[in-house]
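If you want the building blocks of each chain, they are given just below.
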Amino acid sequence: MLRSLVGSEMCIRDRDGSDFDGLFMQVAERRRGIEPLFDSFFGFLRRRTDYFTADQAKAEQTVMQAFKKHMALAEHQMAAKDAAEKAEKAKRAARIAKEKAEAEAKNPSEEDVEEIVTAGAKAAMEAEEVVEPVTKNETTEDGNDSDDDPSKLKPNQGNGGDMDKYKWVQTLEEVTIYIPVPSTVSGKLVVCDIAAEHIKVGVKGQSEMVIDAKLHKRVDVDECYWTLDSGSKGKTIEILLQKTNKMEWWNAIAEGEQEINTKKVCPENSKLSDLKDDETRQMVEKMMYDQRQKAMGLPTSEEQNKNDILQKFMSQHPEMDFSGAKMC
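What you see is a predicted model, and the numbers here were worked out from it, not measured in a lab.

**Student:** Just checking my understanding: could you explain a nonpolar patch on the surface for this structure?
**Tutor:** A surface patch of nonpolar side chains, about 340 Å² in accessible area, is lined by Val 63, Met 64, Phe 67 and Met 71. With respect to the helices and strands, the residue Phe 67 is situated in helix α4 (residues 56–105). Classification of Phe 67 by relative accessible area gives partly exposed; the value is 49%.

Below, the structure is given as structure tokens:
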């Protein structure tokens, strides 16, 4: 029924239909709603196909069949999701109860308290050398630089970077690159070669490619695609890269590019719901919490835990003088 569409300005690898999700999401965002999205889609069928004129009864039947099919799938997925959430809540409640019981049964020992140095405690504890706090320009014990690194860019609002020739944003799952090009550029002139560890993007006829280097991290090639979008200020090549490792932030698109400071990244809480593994979600939540605490100059979860241990130790040894104690 559909006529061939010639001159398409995109390169999409489609296996089961879900590969179009990114493209449809872009259309939905530009149309600002589901109803306008349907209006655009049926308008496309009216303008570019014989869907409405070939067989009107069959056309209506096709729409209803698709609607009923996906309604049944949605109801099945919702029921499965509710059952999984109930099982996960029960599992989490049992684990929390177990951890709480173990924590209450355990008393902190002197080995749990790190380098407590006071005048009154020297007789009771082995004297240890106090390690001074790390200053802004020093390196921390784990070998990482402090949060303020002048050699790295501050992430943009999309947790990516604004380069000279392009802009990029990211989530934990994917990276999107925006490359502005002249309005005269067509899809046939776009060069976009994406490999698992290399990317080459540019326009035919130009002296050099915009990007032609080894990727910062591996990508899932089958889930990557590009489009050529037209706007009021010209055209833009939009490239979506699906990360292979969906648990880390990129500090650059490719090797040799200016890096961003990933310690300044602000994760979106809404993305946590996409993480199916409970332990992975908890780890990401802890990372996000520690980042917010550092930004506000407050102790991280690990530092708070150490302080709690110290407070409990102090309460169990009232005979000792902790007036000058501090955590190192």
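**Student:** Where do I start with the nonpolar core in this structure?
**Tutor:** Generally speaking, soluble globular proteins have nonpolar side chains that are buried together. In this structure, Tyr 166, Trp 168, Ile 177, Ile 179, Ile 239, Leu 241 and Ile 253 are the most contacted members of the largest nonpolar core, which totals 29 residues. For this core, the element with the most residues is strand β4 (residues 174–181), which contributes four residues. In this structure, Leu 241 is in contact with Glu 173, Glu 174, Val 175, Ile 177, Ile 194, Ile 199, Leu 215, Val 219, Cys 224 and Trp 250, ignoring residues within four places of it in sequence.

**Student:** Is there a simple way to explain the sheet that holds strand β7 (residues 211–214) in this structure?
**Tutor:** The pairing of strands in a sheet comes from backbone hydrogen bonds and takes either a parallel or an antiparallel form. On the basis of which strands lie adjacent, the open sheet formed by three strands has the order β5-β6-β7 and antiparallel pairing. A strand with exactly one partner marks an edge of an open sheet, and here the two such strands are β5 (190–194) and β7. Across this sheet, the average inter-strand angle for adjacent strands is 5 degrees, counted without regard to direction.

**Student:** I keep staring at the packing of aromatic side chains and nothing clicks. Help me out?
**Tutor:** Remark: the centre distance and the inter-plane angle together describe each pair of aromatic rings, the angle taken between the planes. Scanning the entire structure with this criterion turns up four aromatic pairs. Ring geometry for Phe 38 and Phe 42: centres 6.4 Å apart, planes at 20 degrees, overall stacked. Placement of both Phe 38 and Phe 42 in helix α2 (residues 34–48) is noted, with a separation of four residues, approximately one turn of the helix. Assessed through its relative accessible area of 27%, Phe 42 is described here as partly exposed. Taking the centre distance of 5.9 Å and the plane angle of 70 degrees together, the rings of Phe 41 and Phe 42 count as edge-to-face. Classification of Phe 41 as partly exposed rests on a relative accessible area of 44%.

**Student:** What is the right way to look at the pattern of salt bridges in this model?
**Tutor:** Proximity of charged atoms lets side chains of opposite charge pair with each other. The final tally for this structure, using the stated rule, is five salt bridges. Here Arg 30 makes a salt bridge to Asp 229, at a shortest N to O gap of 2.4 Å. Here Arg 30, found in helix α1 (residues 21–31), pairs with Asp 229, found in strand β8 (residues 225–231); they are 199 residues apart in sequence, far enough to count as distant.

**Student:** What is the right way to read helix α6 (residues 301–316) from this model?
**Tutor:** Each turn of an α-helix holds 3.6 residues, which means side chains three or four residues apart point in the same direction. For α6, with 16 residues, the first-to-last C-alpha span of 23 Å sits near the 22 Å given by 1.5 Å per residue. Within the sequence span of α6, burial applies to Ile 309, Leu 310 and Phe 313. Take α6 and look down its axis: the buried residues cluster within an arc of 100 degrees, on one side only.

What counts, and where the lines are drawn
- Residues numbered from 1 in each chain as written.
- Predicted model: local features only at pLDDT ≥ 70, side-chain atom pairs only at ≥ 80, totals over all residues.
- Heavy atoms only, no water.
- Patch = residues over 30% accessible without salt bridge, like charges linked within 9 Å, V, L, I, M, F, W, Y side chains within 5 Å.
- Areas by Shrake-Rupley, 256 points an atom, 1.4 Å probe, with all protein chains shown as cover.
- Salt bridge = Lys/Arg side-chain N within 4 Å of Asp/Glu carboxyl O.
- Helix = DSSP H or I, 4+ residues; strand = E, 2+ residues; numbered from the N terminus.
- Buried < 20%, exposed > 50% of the residue type's maximum accessible area, 1.4 Å probe, protein only.
- Core = buried A, V, L, I, M, F, W, Y, C linked by side-chain atoms within 4.5 Å.
- Contact = heavy atoms within 4.5 Å.
- Pairing = 2+ DSSP bridges.
- Axes fitted to C-alpha atoms, helices over the stretch in contact; angles between N-to-C directions.
- Phe/Tyr/Trp six-rings, centres within 6.5 Å; stacked < 30°, edge-to-face > 60°.
- Expected span 1.5 Å × (residues − 1).
- Arc of directions from axis to C-beta.

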